[in-house]
Amino acid sequence: MRTLVISDVHANLTALEAVIKDAANFDRVFCLGDLVGYGPDPNECIRLISSLPNLHCLMGNHDAAVLGFIKSSNFNWEAQQALSLQATMLSEESRHFLQCLELEKDVSGIHMVHGSPRNPVWEYILDSFTALENFNAFSTQICLIGHSHVPSIFELNQAEKVRLLLPGHGDLWQSERRFILNPGSVGQPRDRNPKAAYLIFDDHEQTWQFRRVKYNVAEVQKRILQAGLIEKHAQRLERGI
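In this text the structure is predicted, and so the values were computed from the model without any measurement.

Can you help me understand the sheet that holds strand β10 (residues 179-182) in this one?
Working definition: the strands of a sheet are paired by backbone hydrogen bonds and lie parallel or antiparallel to each other. Read across the open sheet, the six strands follow the order β4-β5-β6-β10-β7-β8; overall the sheet is mixed. At either end of the open sheet lies a strand with only one pairing partner, and these are β4 (104-107) and β8 (162-165). When strand polarity is set aside, the average angle formed by the axes of neighbouring strands in this sheet is 20 degrees. The pairing of β4 with strand β5 (residues 110-113) spans four bridges and is antiparallel. Across the sheet, Val 107 pairs through a bridge with Ile 110, a residue of β5.

Below, the structure is given as structure tokens:
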């Protein structure tokens, strides 16, 4: 079985469509949250994601905030602006889909959260120390996370130390040790690479392949401005920051 793993789509339909086309044949989808925020296409992204086969989808912090489950005042003003606007854009169908999402989930022996195992909504795992603190918060071998928008691997070795890896396009990962994996962001990468990021998991080979795909950034930038979102949300897409 081939599983498409995506996260942090952030209402960027063009990037999402590019990822789905590039991934080609897949049997199942893990979506690690933040379907909304920053981008111009929240309803379209939710509609497309909800149609994907054998979908397991989680709630991210932006998803929770646009529904009013957490305070938008906890976000910086730029994110607040997008959330405020998107709250008026969401259809009832989109709201219902987001409201039904779980904060964490175990599927086929894989633990999934948006932020971190000990704080599924808010905590970022960006370094080995934070990763080490989180290994006690899940019991499976593998944990999938999003939130940071940076493709990364945190592997726990026999000495209870964590090795951090930053994989590139096409890199394959396989390990019998415990690890935490982040596919990066589909809709707003922040590793200085503007290409949309995702993972393909082959459960027969037990391999995780990190993938990047180019999409029409200029087209999305235009729609961001037309939607009334701030210019920074458009500018940062071309730099991957």
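I'm lost on the layout of surface pockets in this one. Help?
Once rolled over the atoms, a probe with the size of a water molecule shows which space is left empty. A volume near 170 Å³ is recorded for the largest pocket. As for the largest pocket, its lining consists of 16 residues, and the residues nearest its centre are Tyr 38, His 62, Asn 76, Tyr 124 and Arg 190. Of all the secondary-structure elements, those providing two or more residues to the lining of the largest pocket are α3 (61-66) and α4 (77-89). Partitioned by chemical class, the residues of the lining of the largest pocket number five nonpolar, seven polar and four charged.

Is there a simple way to think about the packing of helix α1 (residues 13-23) against helix α2 (residues 42-50) in this case?
Two quantities define a packed helix pair, namely the angle between the helix axes and the distance between the axes. Taken N-terminus to C-terminus, the directions of α1 and α2 make an angle of 20 degrees; their axes are 9 Å apart at the nearest point. One element, α1, and the other, α2, form an angle in the roughly parallel class. Contacts between α1 and α2 involve Leu 13, Leu 16, Glu 17 and Ile 20 from the former and Glu 44, Cys 45, Leu 48 and Ile 49 from the latter. Residue classes in the contact of α1 with α2 are distributed as six nonpolar, no polar and two charged.

Just checking my understanding: could you explain the packing of aromatic side chains for this structure?
The way to describe two aromatic rings as a pair is by their centre distance and the angle between their planes. Here the structure, examined in full by the defined rule, presents five aromatic pairs. Taking 5.8 Å as the distance between ring centres and 85 degrees as the angle between the ring planes, the aromatic pair formed by Trp 173 and Phe 179 counts as edge-to-face. This pair shows no difference in class: Trp 173 is buried, exactly as Phe 179 is. Centroid distance Phe 201 to Trp 208: 4.0 Å. Interplanar angle 15 degrees. Geometry classified as stacked. Owing to a relative accessible area of 4%, Phe 201 belongs among the buried residues under this scheme. Trp 208 sits in the buried class, given a relative accessible area of 1%. A connected cluster of aromatic rings, assembled from ring pairs, spans Trp 173, Phe 179, Phe 201 and Trp 208. It is Arg 178 that lies over the ring of Phe 138; its NZ or CZ is 4.4 Å from the centre.

Can you walk me through the nonpolar core in this structure?
Inside soluble globular proteins, nonpolar side chains tend to come together where they are buried. Core analysis: the biggest nonpolar cluster contains 46 residues, and Leu 4, Ile 6, Leu 35 and Leu 98 have the highest contact counts within it. For this core, the leading source of residues is α1, giving seven residues. By size, the runner-up hydrophobic cluster in this structure holds 17 residues, among which are Leu 32, Ile 110, Leu 199 and Phe 201.

Just to check I follow, could you spell out empty space enclosed by the protein for this structure?
In the structure shown here, the tally under the stated rule is one cavity of 30 Å³ or more. Estimated volume of the largest cavity: approximately 40 Å³. Lining the largest cavity are His 10, Asn 12, Tyr 38, Gly 39, Gly 187, Gln 188, Val 220, Ile 224, His 233 and Leu 237. In terms of residue class, the lining of the largest cavity is built from four nonpolar, six polar and no charged.

What is the right way to read the pattern of salt bridges from this model?
Pairing is possible between side chains that carry opposite charge, provided their charged atoms lie close to one another. Under the criterion given, the structure shown has nine salt bridges. A salt bridge links Lys 232 to Glu 78; its shortest N-O distance comes to 3.2 Å. Here the residue Lys 232 occupies a position in helix α8 (residues 231-235), and Glu 78 occupies one in helix α4, the gap between them amounting to 154 residues. Salt-bridge contacts for Glu 219 lead to Arg 223; the nearest nitrogen and oxygen are separated by 3.1 Å. A residue pair is termed a helical-turn pair when its members lie 3 or 4 positions apart in one helix, as Glu 219 and Arg 223 do in helix α7 (residues 217-226) at four residues. Bridged by salt links that share partners, the residues Asp 41, Glu 219 and Arg 223 form one connected network.

Explanation requested: the pairing of strand β2 (residues 28-31) in the structure shown.
Where a strand is regular, its side chains alternate between the two sheet faces. In β2, alternate side chains face the same way, and those of Arg 28 and Phe 30 on one face and Val 29 and Cys 31 on the other are all buried. Where strand β1 (residues 2-6) lies against β2, four bridges are found, and the strand directions are parallel. If you follow Thr 3 over to β2, its bridge partner there is Arg 28. Handedness of the crossover joining β1 and β2 through α1 is recorded here as right-handed. In this structure, β2 lies alongside strand β3 (residues 55-57), joined through three bridges in parallel fashion.

Rules used throughout
Residues numbered from 1 in each chain as written. Predicted model: local features only at pLDDT ≥ 70, side-chain atom pairs only at ≥ 80, totals over all residues. Heavy atoms only, no water. Pairing = 2+ DSSP bridges. Helix = DSSP H or I, 4+ residues; strand = E, 2+ residues; numbered from the N terminus. Axes fitted to C-alpha atoms, helices over the stretch in contact; angles between N-to-C directions. 1 Å grid on protein atoms, 1.4 Å probe; cavity = no way out; pocket = protein on both sides within 12 Å on 5 of 7 lines; lining within 4 Å. Points joined across faces, edges and corners; volume = space filled by probe spheres on them. Nonpolar A, V, L, I, M, F, W, Y, C, P; charged D, E, K, R; others polar. Parallel < 35°, antiparallel > 145°, perpendicular 65-115°, else oblique. Contact = heavy atoms within 4.5 Å. Phe/Tyr/Trp six-rings, centres within 6.5 Å; stacked < 30°, edge-to-face > 60°. Buried < 20%, exposed > 50% of the residue type's maximum accessible area, 1.4 Å probe, protein only. Lys NZ or Arg CZ within 6 Å of the ring centre and 35° of its normal. Core = buried A, V, L, I, M, F, W, Y, C linked by side-chain atoms within 4.5 Å. Salt bridge = Lys/Arg side-chain N within 4 Å of Asp/Glu carboxyl O. Right-handed = clockwise from strand over helix to strand, strands pointing away.

These figures capture arrangement, not role.
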